[in-house]
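Observations on the model geometry
If you want the building blocks of each chain, they are given just below.
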Amino acid sequence: MSGSKANILGSKPAEDPMDLIESRSRGTVRNTEIRWDDRSIGYPVDKMAGLGLLSFALGVLQPALALAAACTLLAVLFVLPRLRVHLGGLGASSERWAEVSQADIALESEDKVVRSRGTGRDRFITALEAQHIGAILPGNLGKVIRGVDTDFGIQLSVSLSPQDSNGVVEDGVLDASLVSYLEQNSSEQRRAYFYVRGGVWRTGLRLIGSSFDPTHLRLFESQILGSLPVSGLKGVSPQRLSEQLSNWDATSSEQSFMAAGVELSEWLVQIPSELAPEVGSNVPGEFISPIRANLMDYRIGLAINPETLKDGPPVGFSHSNLEAGLLVCGGDWSDRLAAISVLVRELLNLGRRVLIVSQERESIRLASITDGGIGMTLGQDLIVNPVDSEGIRRSKYVSELLLAFEGLAGVNLSAATDFEVALNRVVALGNGTVADVTLNELAEDMETGRVPGSTSSRESRLALDSIRRLHEGSGAQAFYGTQTASMKRIAEQDLAVIVIPFESPDLTMFAYDILCLKLSGLEPDPDLVVILDSPTNLLVSGSTFRYTKKSIMAISQVRDLLRRGPLVASIKSPAGLPNECADSFGSCLALRLRETPDIAAVSDLLSLSVVGVGIHSKKRVSSRESSFLRVMEPNQALLSHPEMKTCVPVRLDSPPPLEHLSSSVVHGINREERSSSDRKKTLLETIGGKDSQSLVQVLGLLTKYEPLTEQSVAQFLKASGSPDVDVEATLARLEKASMILRGQETHGGVSYTNYRITMKGTMALRQAEGVSA
């Protein structure tokens, strides 16, 4: 040893030197915690004995004085309650209060319970209180709240009264070594010792439970003792509880025990963490608070108490949750089908319309949930025309259609300029088919002086091969021809199910791309809920495709569909979703997930991720909920949406019965559409569809001012109040129908492309004007 510092050099001694101290003037304390031998509050026998002897001596020596003191005490005890009632009556106005003949609640003591009669059904009440507790406080009150059935009404009453530290030391309830240590300190040091530990409190604990069923109430005591294993918890007699309830004094407990403030903060206030050992205790666990019923529009099941695994209140989703996006993931396809059928039933009961797109043939049975359901199989009952934009802005539609063809061609089409121009030309026509997409347009080649097809890139030729697959190969039945029914018309049905029956993965992905593109182009409608079942066009994270833009398209499609209205996506493996795509969903219903990447993908969406405090903290996933995800039953799930702070375990409702459909009624949609108009369509209406009026305007301009260039036509239409007309598409349709002719003129060495009206165009214009007249 050297200097003022005492350092022990060498190896650790065989015996602790402090254990060898035998001096009575010192005690050894191994830690600074308060250690109790007995927390019970003892009666001051010496003070009571001294007071009794003094009273006896006073009665013997001065009988008159003792009699007067006794009479005064009895008078005070008799007068004070009546005086309190009288003073309370003076403060209330007699005009506002009236005496009732009897109370509206009657309390009756029965076998171990108290019956409460009054408004509503009879309630049965019981209570437990802590009469004595040992040296260690077992369990915590957080588990009590979670361990009791939600059918019970529970009231937890804790009374606290600060105690003098000197009295605690003298009562002999502390450990002998601690008492020896405290006796060596001054009174100021003793107070400081207890002050930094939250002081010493006289604590009373009472738990009151109520239920409508007296037999069910018998479980209350066993559930309390199971979650809080305290031997000193005893039942309150029905007679005493009834009297206290009548006096509005049921929360006060006559029994009490000693506890330090630090102990109470851990046992009474804080709920300990239930995370992995490496996560700090200051991070709260997930779904450890009692499950409460939430405001919902669509019920999907009952909450499960995580402690008892019994059913709790009903839970579900609100319509705003669907508008923010709902992701249903995990489980087998049959499990997800049951969950979707429950949600569809709730949606239809509230008057919502539902459109389902699935690649599973059995999903067509969902159309049997309601009598007006329509089931359509792509290629049998429904033809989808990929080059029919259905009113979507042509620049947006062609750019996303080109990305959809990348999956079919298996190549990056960024350099396929000729193919993009050909797509743009056919989409502009409005009534073309995939067979009209060609690279060697004769007029284009004559105009530019090129040899037909001589400068087409390799990518364009590969893309053209994928076009041939759609009108000559395996996709011809589904994509070649005029579209059977418009997407807008299908979306007007109460329930419509579209089945994609392809065995080829790339054709299935292309069909999802086209349907999502057309659905995102519909007008925003909060009453139409779109459900995508197993959408392969979204599961592109880590895919083996030879291009890199598929994830960008998936993110764009999800965002466009959410801008349109409510969206539900049902997938098996959420790890296949791009990160930004998964983040676009605001709610989640997770069935059993076994793979760690899948759990990690939805951990944030399910509020399973926690972050510790401090700069070096790491995000971790709660082990409890992750294990629950792996072992859930088929009818169980975890539910999470923005209104809930944590995820909720749910037992799903029974799904509605699903029947097999023999045939589709999609052709009835077209018959209704055709019967809505009694007259035949004009030629311009047949060519232009809903854009027929713009065709009439252009032909009228060419009748008056021919020839006109494309820029001149656009300026005339803008001046007449029609700035949104797609002039290029309108001129392409008229030229394709031989109603106008394209010409070339040269003025001052500058070549201009202009248009003139033909005789066929003049006749069509007269027909349209005659019908409108």
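Starting afresh in each chain, residues are numbered from 1 along the sequence in its written order. Side-chain atom pairs in this predicted model are given and counted only at pLDDT of 80 or more, local residue features only at pLDDT of at least 70, and totals for whole chains, interfaces and linings cover all residues. Heavy atoms from the whole structure form the basis of all side-chain values; hydrogens and water molecules are not counted.

This next bit is on the overall build of the protein chain. Each helix and strand in the protein chain was counted, giving 28 helices and 23 strands. Across the protein chain, the fraction of contacts at a sequence separation of at least 24, relative to all contacts at a separation of at least 6, is 73%. A 1.4 Å probe and the Shrake-Rupley method give the accessible areas. Residues count as covered only by the protein chains that appear here. A total accessible area of about 41200 Å² is found for the protein chain, and carbon and sulfur atoms account for 53% of it. Secondary structure follows DSSP: runs of H or I at least 4 residues long count as helices, runs of E at least 2 residues long count as strands, and numbering of each begins at the N terminus. The criterion used for residue contact is that any of the two residues' heavy atoms lie within 4.5 Å.

We now examine the sheet that holds strand β21 (residues 708–709). A strand pair is defined by DSSP finding two or more bridges across the two strands. Overall, antiparallel pairing links the three strands, which are arranged β21-β23-β22 in an open sheet. Every other strand in the sheet has two partners, leaving β21 and β22 (740–747) as the edge strands with one partner each. As defined by bridge partners, β22 adjoins strand β23 (residues 750–757) across eight bridges and the pair is classed as antiparallel. Of the residues in β23, the one forming a bridge with Arg742 is Tyr755. Helix α27 (residues 727–736) rests against β22 and β23 of the sheet, and its axis sits at about 115° to β22. The convention used is that axes are lines fitted to C-alpha atoms, helices contributing only their stretch in contact, and that angles between N-to-C directions extend from 0 to 180 degrees.

Between the first and last residue of a helix there are one fewer steps than residues, each counted as 1.5 Å, and that sum is the expected span. Between the first and last C-alpha of helix α25 (residues 692–705) there are 20 Å, a value that for 14 residues agrees with the 20 Å anticipated at 1.5 Å per step. Summary of the burial criterion: residues with accessible area below 20% of their type's maximum are buried, those above 50% are exposed, and those between are partly exposed, where the area comes from a 1.4 Å probe applied to protein chains only. Of all the positions in α25, only Ser692, Ser694, Leu695, Val696, Val698, Leu699, Leu701 and Leu702 are classed as buried.

So, on to the pairing of strand β15 (residues 567–571). Across the five residues that make up β15, a large majority, five, are buried. Of the two faces of β15, the one carrying Leu567, Ala569 and Ile571 and the one carrying Val568 and Ser570 are both buried. Of the strand pairs in this sheet, strand β10 (residues 326–329) and β15 are connected by four bridges, and their pairing is parallel. By the bridge assignment for β15, Cys329 is matched with Ile571. Relative to β15, strand β14 (residues 528–533) is paired through four bridges, and the arrangement is parallel. Within β15, the residue paired with Val530 across the bridge is Leu567.

Here Ala485 is to be found in the loop between α16 (476–479) and α17 (487–491). Among the residues examined, Ala485 registers a relative accessible area of 1% and is labelled buried. As for Ala485 and Leu382, which are separated by 103 residues in sequence, their C-alpha atoms are 7.3 Å apart.

This part takes up the confidence of the model for the protein chain. Close reading of the predicted structure is inappropriate where its pLDDT is low. Residues with a pLDDT of 70 or more make up 76% of the protein chain, whose mean pLDDT is 76. Here residues 663–668 is modelled with pLDDT under 50, and outside its nearest four sequence neighbours on either side it reaches twelve contacts, counting other chains as well. Every residue carries a pLDDT, the predictor's confidence in it, which falls somewhere between 0 and 100. Counting contacts from residues 670–677, a segment whose pLDDT is below 50, to residues more than four positions away or on other chains yields five contacts.

The next thing to look at is the environment of Ser607. Looking at where Ser607 falls in the secondary structure, it is placed in the loop between α21 (596–602) and β17 (609–611). Taking the C-alpha atoms as reference, Ser607 lies 5.6 Å from Thr646; in sequence the two are 39 residues apart.

Moving on to the pattern of salt bridges. Opposite charge on two side chains allows them to pair when their charged atoms are near. A pairing counts as a salt bridge when a side-chain nitrogen of Lys or Arg comes within 4 Å of a carboxyl oxygen of Asp or Glu. For the coordinates displayed, the defined rule picks out 21 salt bridges. A salt bridge links Asp122 to Arg115, with the shortest nitrogen-to-oxygen separation between them at 3.1 Å. Owing to a relative accessible area of 17%, Arg115 belongs among the buried residues under this scheme. The salt bridge partner of Arg206 is Glu129, with a shortest N-O separation of 2.9 Å.

So, about the pairing of strand β5 (residues 200–211). Among the twelve residues of β5, ten are classified as buried, and the element is accordingly described as predominantly covered. Summarising the sheet, strand β3 (residues 123–130) and β5 pair through six bridges and their orientation is antiparallel. Across the sheet, the residue bridging to Phe124 is Ser211, located in β5. The pairing of strand β4 (residues 153–162) with β5 spans ten bridges and is classified as antiparallel. Paired with Gly153 across the two strands is Ser210, which belongs to β5.

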